[in-house]
Amino acid sequence: MVSWDLGSVGTEVHNLLDDIPVNISGNSLLALIDRKRLYIEAYTNLTVGSKGIAERFQPALTHLACADLLRFMNTQGADVQSISLGQLSINRGGRSNLIESAETFEKMGMDELKAIGRNSRYYRAL
C-alpha cells in the first residue's frame, strides 16, 4: 500500500461496492469520505490529512466510508423492500441487506481503529 488521498479511498470504495448510484458518487462521495476522515482524527487524536493518508488509516477509513455510503444508499431507496407489477406484489420482510452490510463494514472499521489506538493528550502535574 502507498500513501492515498480522498480520491484513492473513493476508488477503493467503488471497487468494494456494486451499483453505487450516480447521484452519490463524485463530490458527494468525497465529502462523505472526508467526514469519516475527520471522525478518525477525532477518535485517534492523530492527524489524518486529506492527502498523504498513511497506510495504517486506509483500511479503517475505507470500511467506515463504505458503511456510511451503504446507509445513504438505503435512504435513497437503492435497496427495494417491495416490488409491484400490475397485480403481482412481492414484499420482503426483515432488515435491508444494505443496513446489514453497513453494520458489517462499520464493525470492521471500528475494530481497525481500535487496533490503531488513541493518542492521549494529557500530562501529570506534580
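Residues numbered from 1 in each chain as written. Predicted model: local features only at pLDDT ≥ 70, side-chain atom pairs only at ≥ 80, totals over all residues. Heavy atoms only, no water.

Visitor: Can you tell me about the packing of helix α3 (residues 58-75) against helix α4 (residues 97-116), naming the residues and giving the values?
Guide: Across the interface, α3 lies against α4 with an axial gap of 8 Å and an inter-helix angle of 160 degrees. It follows from the interaxial angle that α3 and α4 lie roughly antiparallel. Here α3 runs over α4; the crossing is left-handed. Along its contact with α3, which presents Pro59, Ala60, His63, Leu64, Cys66, Ala67, Leu70, Arg71, Met73 and Asn74, the element α4 presents Leu98, Ile99, Ser101, Ala102, Glu103, Phe105, Glu106, Met108, Gly109, Met110, Glu112 and Leu113. Of the residues contributing to the contact of α3 with α4, the split by class is 14 nonpolar, four polar and four charged. (Axes fitted to C-alpha atoms, helices over the stretch in contact; angles between N-to-C directions. Helix = DSSP H or I, 4+ residues; strand = E, 2+ residues; numbered from the N terminus. Parallel < 35°, antiparallel > 145°, perpendicular 65-115°, else oblique. Left-handed = near helix turned anticlockwise from the far one by under 90°. Contact = heavy atoms within 4.5 Å. Nonpolar A, V, L, I, M, F, W, Y, C, P; charged D, E, K, R; others polar.)

Visitor: Describe in detail the nonpolar core, supporting the description with residues and values.
Guide: By size, the foremost hydrophobic cluster in this structure holds 30 residues, and its most contacted members are Val13, Leu17, Ile40, Ile53 and Leu69. Of all the secondary-structure elements, those providing two or more residues to this core are α1 (6-16), α2 (27-44), α3 and α4. Examining the composition of this core, we find that nine residues originate from one element, α3, more than from any other. In contact with Ile40, not counting residues within four places along its chain, are Asn45, Val48, Phe57, Ala60, Leu61, Leu64 and Leu113. (Core = buried A, V, L, I, M, F, W, Y, C linked by side-chain atoms within 4.5 Å. Buried < 20%, exposed > 50% of the residue type's maximum accessible area, 1.4 Å probe, protein only.)

Visitor: How would you sum up the pattern of salt bridges? Please name residues and give values.
Guide: Evaluated as defined, the whole model comprises six salt bridges. With a shortest N-O distance of 3.2 Å, Glu41 and Arg37 are connected by a salt bridge. Placement of the pair is Glu41 and Arg37 together in helix α2, with a separation of four residues, close to one helical turn. Notably, a salt bridge pairs Lys107 with Asp111, separated by 3.0 Å at the nearest N-O pair. One end of the pair, Lys107, and the other, Asp111, are both in helix α4, four residues apart, so they sit about a helical turn from each other. Owing to a relative accessible area of 38%, Asp111 belongs among the partly exposed residues under this scheme. (Salt bridge = Lys/Arg side-chain N within 4 Å of Asp/Glu carboxyl O.)

Visitor: Pulling in residues and values, what's your account of the side chain of Lys36?
Guide: Summarising the element assignment, Lys36 is placed in helix α2. The residues touching Lys36, leaving out its near neighbours within four places in the chain, are Leu61, Leu64, Ala65 and Asp68.

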